[in-house]
Each structure stands twice: as structure tokens, then as C-alpha cells.
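Given next are the chains, with one letter for each unit.
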Amino acid sequence: MAAVTPEVTGFYDDKTGSVQYVVVDPSTARCAIIDPVWNYDETAARTSTESFDAITAFIDAHDLTVEWILDTHPHADHFSAGVLLGERYGAPRAIGQKVVEVQKLWKRIYNFGDDYPTDGRQWDRLFADGETFQLGNLDAHVMLSPGHTLASITYVIGDAAFVHDTLFMPDSGTARADFPGGDARTLFRSIQRILELPDATRIFVGHDYRPDGRDARWESTVAEQRATNTHLRDDPSEDEYVAMRESRDATLPLPALMLAALQVNTRGGRLPEPEDNGRSYLKIPLNQF
């Protein structure tokens, strides 16, 4: 695949440390939106659109045509704004085909009924590992990269790889693998596959938690990750990595919005169906974790 350079703009959500992206083919002004955030205040149980509004203002100001809205996986720390953006721009929404396994898993955890579909119909397209697509004149392909979740995928668009929650910035290491369906050994193998991309490939991460209070950052390269990532730079064996990852994960709390977010995000970014009073309600499984 030719090393074409898309224009990438990241939008940082300070509350969750999430990074959402607008990826542009400069030759056509066509763009993709990756992992958009729908803001949620858990103390008031209220959604809002600050992050959505920043993206739409950017797209409208640059007169871009939205060709894709892409999820890398169902996120555990924010609601997805994919449906909102799909309705605004009439663009198809896509995710990896393994999302159906995540839906089945969380259907059991939430004890959803038979009216909760687990076939991925909430998205317009389910990508398989190795599948290709176009963004304007740019070639793009999909890499299955599970471990953080069952369904995680990486989008490689030109010389840019959007690696979701597999790698963080080098000073932050790598993602946790202790969520339901996660696996540290699988994560290690996914990381190795990403690091086989050309050294100059730009790596765009899904989160940055600003260690030591530094400014938020979200771009590195394959070469930088291989040489300086705090979890990878000493070239650990698979077993050494798994031991480190599992030990570290055992100390981490669940994300604050996880039990709220996953019942929205496994629906593609839709709230549960309103009840007879017109309100949607979230369902929290007590003593599950």
C-alpha cells in the first residue's frame, strides 16, 4: 500500500482522556470520524454534545464530506456519538465484525432480553480482519487487534494507524486487558502485529492520561513505540509481558462510566429504548465485578 499521508486532527476529551479523530484525504476533502465521544455526566445522568459540537464545527468550517464514521471497539469510558454523527451527515457507521461476540457477552452480564439483537445490525458495516475500504482516494485496511476487548480493530489509512486502546503514548505503555473478553496474551500478539508496520507509520492512540501532568499527546511512530514504550522497550517475552500486564491490571479500578457506557456502545451509540414515560434508563448489574 502506498505511503499516502492523510491529514489527521485529534480532539481530546479531558474528562475521559479520550481522543477522537477526523481523518481527511486532502485530494478530495472526504473524511472519516474515528471514535467520536458523546459526553455524559454521571452525577446528573445527563448527556451533552460538547465533543460532538467540536467535531461538527471543524468539519463544517473545512467544508469536508463525511464518508465514514468508524468505531475501533465498544468503549468502556465514554458514550459513542456515532449514531448522532451518522444522522447528521448520512454517513455509514462501521466497526469490526467481532463486535457480535462483545454483544453476546454483555447481553448475559446485563441480562438483556431476546429483543436485544447480537448480530451487529446496529452498524452499517462490520469489517473483517484484512478487509479494505476507501477514504476518498486513500487506501485503508483493517487489522483485527483484540486483547483489550474481543472486538478491537486497528484502522490503517495511508501512513496512519489508529490503534484504539492497544498502545498508549510511549511514556504510558499499553492498554489493560482485564475487561470481560480481554486477554493479556492476545493483546501482546496484537501489539507485535502493529509493530510490524513500517517504522515511519504514524501511531494514533485512543487515550492519553497525561502522566506527570504533561500536555495531552496522541501521535507517535512505530519506531518510537518499539524503542521507547515503557512496557515494550526492553523487548519482553510474551510470558514476561503477560505477567506484567496481569499484575498491573489487578490494581486498576473499573472505568467510572464502564457499566453505563457499554449498554449504549454495544447498541452502536443508542440509548436504551424509552419506556412508557418517554425516558431511557440505564441498567447496572450489582455485585457483578
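Fair warning: this is a prediction, and the values are worked out from it, not measured in the lab.

Q: Before we move on, could you go through the sheet that holds strand 5 (residues 46-48) and cite the residues and values that matter?
A: In spatial order, the strands read 5-4-7; together these 3 strands make up an open sheet with antiparallel pairing. In this open sheet, the two strands that pair with only one neighbour each are strand 5 and strand 7 (79-80). Bridging between strand 4 (residues 37-41) and strand 7 involves 2 bridges; their strand directions are antiparallel. Residue pairing across strands places W38 opposite F79, the latter belonging to strand 7.

Q: I'd like a rundown of the packing of aromatic side chains, residues and numbers included.
A: Counting across every chain of the model gives 18 aromatic pairs. Here the aromatic rings of Y12 and W218 are separated by 6.2 Å at their centres, their planes lie at 15°, and the arrangement is stacked. Residue Y12 is located in strand 1 (residues 7-13), and its partner W218 is located in the loop between strand 14 (202-204) and strand 15 (219-221); the two are separated by 206 residues in the primary sequence. Look at W218 and you get partly exposed, because its relative accessible area is 22%. Aromatic side chains Y110 and F112 sit 5.0 Å apart centroid to centroid with 25° between the ring planes, which places their arrangement in the stacked category. We note that Y110, like F112, is buried. Cluster of aromatic residues (ring-pair linked, three or more members): W106, Y110, F112, Y116 and F289. Note that R267 overlies the ring of F112, its terminal NZ or CZ placed 4.8 Å from the centroid.

Q: Outline the pairing of strand 10 (residues 132-135), supporting the account with residue identities and numerical values.
A: Going residue by residue along strand 10, you find F133 and L135 tucked away on one face and T132 and Q134 left uncovered on the opposite face. As defined by bridge partners, strand 10 adjoins strand 11 (residues 138-144) across 4 bridges and the pair is classed as antiparallel. Of the residues in strand 11, the one forming a bridge with F133 is A140.

Q: Quick rundown of helix 6 (residues 238-249)? Include the residues and the values.
A: Given a rise of 1.5 Å per residue, 12 residues ought to cover 16 Å, and the 16 Å separating the end C-alpha atoms of helix 6 matches this to within 8%. Listed in full, the buried residues belonging to helix 6 are Y241, V242, R245 and D249. The buried residues of helix 6 all sit within an arc of 100° when viewed along its axis, so they share a single face. Check the buried side of helix 6 and you find it contacts helix 4 (184-194).

Q: Help me get a handle on the sheet that holds strand 2 (residues 18-25), residues and values and all.
A: The strand order across the open sheet formed by 6 strands is 1-2-3-6-8-9, and the pairing between neighbours is mixed. Edge positions in the open sheet fall to strand 1 and strand 9 (125-127), since each of these has one partner strand only. In this sheet, adjacent strand axes meet at a mean angle of 25° when their direction is disregarded. Note: strand 2 against strand 3 (residues 30-34), 5 bridges, orientation antiparallel. Looking at strand 3, one finds that D25 is bridged to R30.

Q: Could you give an account of the nonpolar core, with specific residues and numbers?
A: With 23 residues, the main nonpolar core has V22, I59, V66 and L85 as its most contacted residues. The set of elements that each furnish at least two residues to this core consists of strand 2, strand 3, strand 4, helix 1 (50-61), strand 6 (65-70), helix 2 (82-89) and helix 7 (258-265). The element that contributes the greatest number of residues to this core is helix 1, accounting for 4 residues. Not counting the four nearest positions on each side in its chain, L85 is found in contact with I33, P36, F52, I55, T56, I69 and G90.

Q: Could you give me a rundown of a nonpolar patch on the surface, with the residues and numbers involved?
A: A cluster of nonpolar side chains, namely L282, I284 and L286, defines an oily patch on the protein surface of about 290 Å² accessible area. Mapped onto the elements, L286 comes out in the segment after helix 7.

Q: Describe unusual backbone geometry, with residues and values.
A: Backbone geometry places H164, a non-glycine residue, at a positive phi of 50°. Positionally, H164 belongs in the loop between strand 13 (160-162) and helix 4. For H164, a relative accessible area of 1% corresponds to the buried category.

Q: Could you give me a rundown of the environment of L105, with the residues and numbers involved?
A: By the secondary structure assignment, L105 is in helix 3 (residues 99-110). With relative accessibility at 16%, the residue L105 sits in the buried group. Separated by 167 residues in sequence, L105 and P272 have C-alpha atoms that sit 17 Å apart. Here L105 is in contact with L150, P180 and G181, once residues within four sequence places are set aside.

Definitions and limits used
- Residues numbered from 1 in each chain as written.
- Predicted model: local features only at pLDDT ≥ 70, side-chain atom pairs only at ≥ 80, totals over all residues.
- Heavy atoms only, no water.
- Pairing = 2+ DSSP bridges.
- Helix = DSSP H or I, 4+ residues; strand = E, 2+ residues; numbered from the N terminus.
- Phe/Tyr/Trp six-rings, centres within 6.5 Å; stacked < 30°, edge-to-face > 60°.
- Buried < 20%, exposed > 50% of the residue type's maximum accessible area, 1.4 Å probe, protein only.
- Lys NZ or Arg CZ within 6 Å of the ring centre and 35° of its normal.
- Expected span 1.5 Å × (residues − 1).
- Arc of directions from axis to C-beta.
- Contact = heavy atoms within 4.5 Å.
- Axes fitted to C-alpha atoms, helices over the stretch in contact; angles between N-to-C directions.
- Core = buried A, V, L, I, M, F, W, Y, C linked by side-chain atoms within 4.5 Å.
- Patch = residues over 30% accessible without salt bridge, like charges linked within 9 Å, V, L, I, M, F, W, Y side chains within 5 Å.
- Areas by Shrake-Rupley, 256 points an atom, 1.4 Å probe, with all protein chains shown as cover.
- Salt bridge = Lys/Arg side-chain N within 4 Å of Asp/Glu carboxyl O.

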